[in-house]
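Coordinate inspection notes
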Amino acid sequence: MSKFPKASLLAACLLAMSAGSVHAEAASSPGPLKLGRIATEAEIAAWDHDIRPDGKGLPDGRGTVADGEALFTDNCAACHGDFGEGVGRWPVLAGGEGTLDRERPEKTIGSYWPYLSTVYDYVNRAMPFGNARSLGPDDVYALTAYLLYLNDIVTDEEFELSRENFADIRMPNVDNFVPDDREREKHYVADTEPCMKDCKPGPVAITMRARVLDVTPDGGGEEGPAAGNVD
Amino acid sequence: MTEQMNKPSRPQASRRAFLGGAAALGAGLAVRPALAAGDPLITEVQDWNRYLGDGVDARPYGVPSRFEADVVRRDVPWLTADTKSSVNFTPLHRLDGIITPNGLCFERHHGGIAEIAPADHRLMVHGLVERPLVFTLDDLKRFPRENRVYFLECAANSGMEWRGAQLNGCQFTHGMVHCVMYTGVRLRTLLEEAGLKTSGTWLLAEGADASAMTRSIPLDKALDDCLVAWGMNGEALRPEQGYPVRLVVPGWEGNMWVKWLRRLEVGDAPWEHREETSKYTDLLANGKARKFTWQMEVKSVITSPSPQAPIAHGRGRTVVSGLAWSGNGTIRRVDVSLDGGRNWQTARIDGPSLPKALHRFYHEFDWDGSELFLQSRAMDEKGFVQPTKEDLRAARGTNSIYHNNGIQTWYLKPDGALENVEVS
């Protein structure tokens, strides 16, 4: 009994030593500090799945609106609703056109997202919620096609989305994003010493109170206004 | 006795919660009738003064006193659909100084906390580099290390207040910010080990969690002051903060500080992924939206007194304490107003004044028991002054969600209770 563990321990040690030396010789970085090792092509392929608006990163594959509808019903509708209308506080995926300048804007894929590549990329990397990376390229093309259909961006149930026609799809809100120009806002541009004395005429009056809504945990109900949802 | 009688009535119900236990409460009530004979907490021998306490190994990794059990992160259930993709908030009203304890740094997850054994973790650098590389955590720890104190603020911090006062407590209005000392390696050093190609202008950072969080970062920023960190406040990162490795993007919105960092890809264009298109873009009143609004602006808040930290001592000497910070660098000055912004006095900043870190300010005064409207207003080293909420709404409307750095008002009532309000 006592021999066997020793022999196996020795074998394990030898294995570890040889693996260690191979690793050190073959893989150490040729960079300035010689730390890390070269990534293999298979390793890069396993993780390099990001998609850009210009289509860089899209895999081969294709899927139709009809295929996507079946997949959506099975994998997505429990949270997002059969028509992307959202269930509970889960994100609404369709609708909302023309609401972005209103009191309660509805930011959906169709009304807000500037690029279709974001849909493919996000479904592929993070969906379905709780079972990420479980869909193949054809599934993701089909789901993306169905989301276009739910948002009236394509209207034909037989429409098939593929790497070949992906770049032809233009999202309705693409032109409505502007660069960060916060520093040019009036209150920053003013660049004056802030007022220290008698900055407002007369005593101030309360114009709004948190108590009116009373949505603080322990202070009121669980239900709160939809505004400010961080997700 | 006169002073006792003139004390405003205390907000007993809310104060009870802060005393942390029946024993403390009972002892507090016993003080007044026993004054003639002396405080029994002094005149009588207490259990902790007579009987032996726990030995040195009872708490091998220390935890706060059981009397501090209410100092915890809290979430707001109605904000999100599921706690696996949600946020909780740092209890700013119970903290002091500029460093946040690791166990109280607010959490924001998109696919829950990834539990990764450090030996199983890999960080890949690839794309427009001479040598695509894989690092283990042990590899990373062989690079030159740096220690830096930075604040981390979610772009949505105070985002629930765009349309007006909504939540009673700076934990909820401002608690998506924390500040720790990070230990790690410069991102620049890792990218140089891989050898940057001149065509590279952008970096994609990706997490290993179930959301595989990604953000695009301009290479200039990556090469400037970003870190790949494994330590916070001297210990390993907490799992909920990205253990074993996270990205540190000083002064920029927290969503970019990718946790459980597993991949860095160098490219020549931004990726426009979910977090930088459908989220973390700021919708303006006219329906257009700003994108790539990375930097956090000059901001401050009075943490105590505040709605969850009422004044229990009645009139007399009072310490106003608060935090200020800016993605532009250090805080040059903080002013405090007691009358809703009519008149201001410059507060005292105490402690280290480090760039892109929290700053602690104090303002001591004698409260006469009358109602006050407390505000703080910060100015940073570039001369940017914290705007009012009205200024922000005039420029952006109320649909932005992110980057609300407006001046906060706490209404202090004669009984010592406070409420989140807005004033004319």
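In what follows, the structure referred to is the one given above.
Below, the structure is looked at part by part. Everything numeric in this text was worked out from a predicted model, so none of it was measured. (Residues numbered from 1 in each chain as written. Chains lettered and ligands numbered in written order. Predicted model: local features only at pLDDT ≥ 70, side-chain atom pairs only at ≥ 80, totals over all residues. Heavy atoms only, no water.)

The next thing to look at is the overall build of chain B. Looking only at helices and strands, one finds 11 helices and 24 strands in chain B. Whereas a compact globule of 424 residues would reach a radius of gyration of roughly 22 Å, chain B reaches 24 Å, a difference of no more than 12%. Each principal axis of the C-alpha atoms in chain B carries an extent, and together these give about 80 × 60 × 40 Å. For chain B, the proportion of its 424 residues judged to be buried stands at 61%. Counting every atom, chain B has about 15800 Å² of accessible surface; 52% of that belongs to carbon and sulfur. The positive charge centre, built from 50 side chains, and the negative charge centre, built from 51, are 1 Å apart in chain B. (Helix = DSSP H or I, 4+ residues; strand = E, 2+ residues; numbered from the N terminus. Rg over C-alpha atoms; globule rule 2.2 N^0.38 Å. Buried < 20%, exposed > 50% of the residue type's maximum accessible area, 1.4 Å probe, protein only. Areas by Shrake-Rupley, 256 points an atom, 1.4 Å probe, with all protein chains shown as cover. Lys, Arg positive; Asp, Glu negative; His and termini not counted. Charge placed at Lys NZ, Arg CZ, Asp CG, Glu CD.)

Turning our attention to the sheet that holds strand E15 (residues 289-291) of chain B. Strand order across the open sheet formed by three strands is E4(A)-E15(B)-E14(B), with mixed pairing between neighbours. Edge positions in the sheet fall to strand E4 (177-179) of chain A together with strand E14 (282-283) of chain B, since each has one partner strand and no second. Pairing analysis gives two bridges linking E14 of chain B to E15 of chain B, with the strands arranged antiparallel. Looking at E15 of chain B, one finds that Asp282 of chain B is bridged to Arg290 of chain B. (Pairing = 2+ DSSP bridges.)

It is worth spelling out a nonpolar patch on the surface at this point. Where nonpolar side chains cluster on the molecular surface, the patch consists of Leu41, Ile42 and Trp48 of chain B and spans about 400 Å² of accessible area. Tracing the chain through its elements places Ile42 of chain B in helix H4 (residues 40-43). (Patch = residues over 30% accessible without salt bridge, like charges linked within 9 Å, V, L, I, M, F, W, Y side chains within 5 Å. Salt bridge = Lys/Arg side-chain N within 4 Å of Asp/Glu carboxyl O.)

Another aspect to go through is the packing of helix H3 (residues 65-75) of chain A against helix H6 (residues 137-150) of chain A. Residue and element names in this part refer to chain A. It is at 7 Å that the axes of H3 and H6 come closest, and there the two elements cross at 95°. Taken together, H3 and H6 sit at an angle that is classed as roughly perpendicular. Contacts between H3 and H6 involve Val65, Asp67, Gly68, Glu69, Leu71 and Phe72 from the former and Asp139, Ala142, Leu143, Ala145, Tyr146, Leu147, Tyr149 and Leu150 from the latter. A breakdown of the residues in the contact of H3 with H6 according to their chemical character gives 10 nonpolar, one polar and three charged. (Axes fitted to C-alpha atoms, helices over the stretch in contact; angles between N-to-C directions. Parallel < 35°, antiparallel > 145°, perpendicular 65-115°, else oblique. Contact = heavy atoms within 4.5 Å. Nonpolar A, V, L, I, M, F, W, Y, C, P; charged D, E, K, R; others polar.)

All names here are of chain A. Remark: helix H5 (residues 116-126) packs on H6, axes separated minimally by 10 Å, with the N-to-C direction vectors making an angle of 130°. Regarding the angle of H5 to H6, the classification is oblique. Helix-helix and strand crossings are classified by hand; for H5 and H6 the assignment is right-handed. Contacts from Leu116, Val119, Tyr120, Val123 and Asn124 in H5 reach Pro137, Val140, Tyr141, Leu143, Thr144, Leu147 and Leu148 in H6. In terms of residue class, the contact of H5 with H6 is built from 10 nonpolar, two polar and no charged. (Left-handed = near helix turned anticlockwise from the far one by under 90°.)

Before going further, it helps to spend a moment on the nonpolar core. Within the largest apolar cluster, 66 residues are counted, with the highest numbers of intra-cluster contacts made by Leu140, Tyr182, Leu187, Leu191, Val228 and Leu261 of chain B. Ranked by residues supplied to this core, first place goes to strand E10 (residues 227-232) of chain B with five residues. Residues Leu100, Ile109, Ala126 and Ala145 of chain A belong to the second largest nonpolar core, which totals 39 residues. (Core = buried A, V, L, I, M, F, W, Y, C linked by side-chain atoms within 4.5 Å.)

The subject of this paragraph is the side chain of His359 of chain B. Residue and element names in this part refer to chain B. Its location among the elements puts His359 in strand E21 (residues 359-367). With a relative accessible area of 1%, His359 lands in the buried category. A distance of 3.2 Å separates the side chain of His359 from the backbone nitrogen of Ile331, its partner in a polar contact. One polar contact links His359 to Ser353, side chain to side chain, over a distance of 2.8 Å. (Polar contact = N/O pair within 3.5 Å; in protein donor to acceptor, adjacent residues only side chain to side chain.)

With that settled, consider the sheet that holds strand E3 (residues 108-109) of chain B. All names here are of chain B. One open sheet holds the three strands; their spatial order is E1-E2-E3, and the pairing between them is antiparallel. Looking along the sheet, the strands with just one partner apiece sit at the ends: strand E1 (74-75) and E3. Here strand E2 (residues 86-89) pairs with E3 via two bridges, running antiparallel. Within the sheet, the bridge partner assigned to Ser86 lies in E3 and is His109.

Let us look at unusual backbone geometry. With an omega dihedral of -5°, the bond running from Met127 of chain A to Pro128 of chain A counts as a cis peptide bond. Looking at the element boundaries, Pro128 of chain A is found in the loop between H5 and H6. The amide bond that connects Tyr243 of chain B to the next residue, Pro244 of chain B, takes the cis arrangement and shows omega of 10°. Relative to the elements of secondary structure, Pro244 of chain B occurs in the loop between strand E11 (235-236) and strand E12 (246-248). Even without being glycine, Asp198 of chain A reaches a positive phi, approximately 50°. With respect to the helices and strands, the residue Asp198 of chain A is situated in the loop between helix H7 (186-189) and strand E5 (206-209). Using a relative accessible area of 55% as the deciding quantity, one classes Asp198 of chain A as exposed. For Glu272 of chain B, which is not glycine, the phi torsion reads 55° and is therefore positive. With respect to the helices, strands and loops of the structure, Glu272 of chain B is situated in the loop between strand E13 (261-267) and helix H10 (274-277).

None of the figures reported here should be taken as evidence of function without further support.
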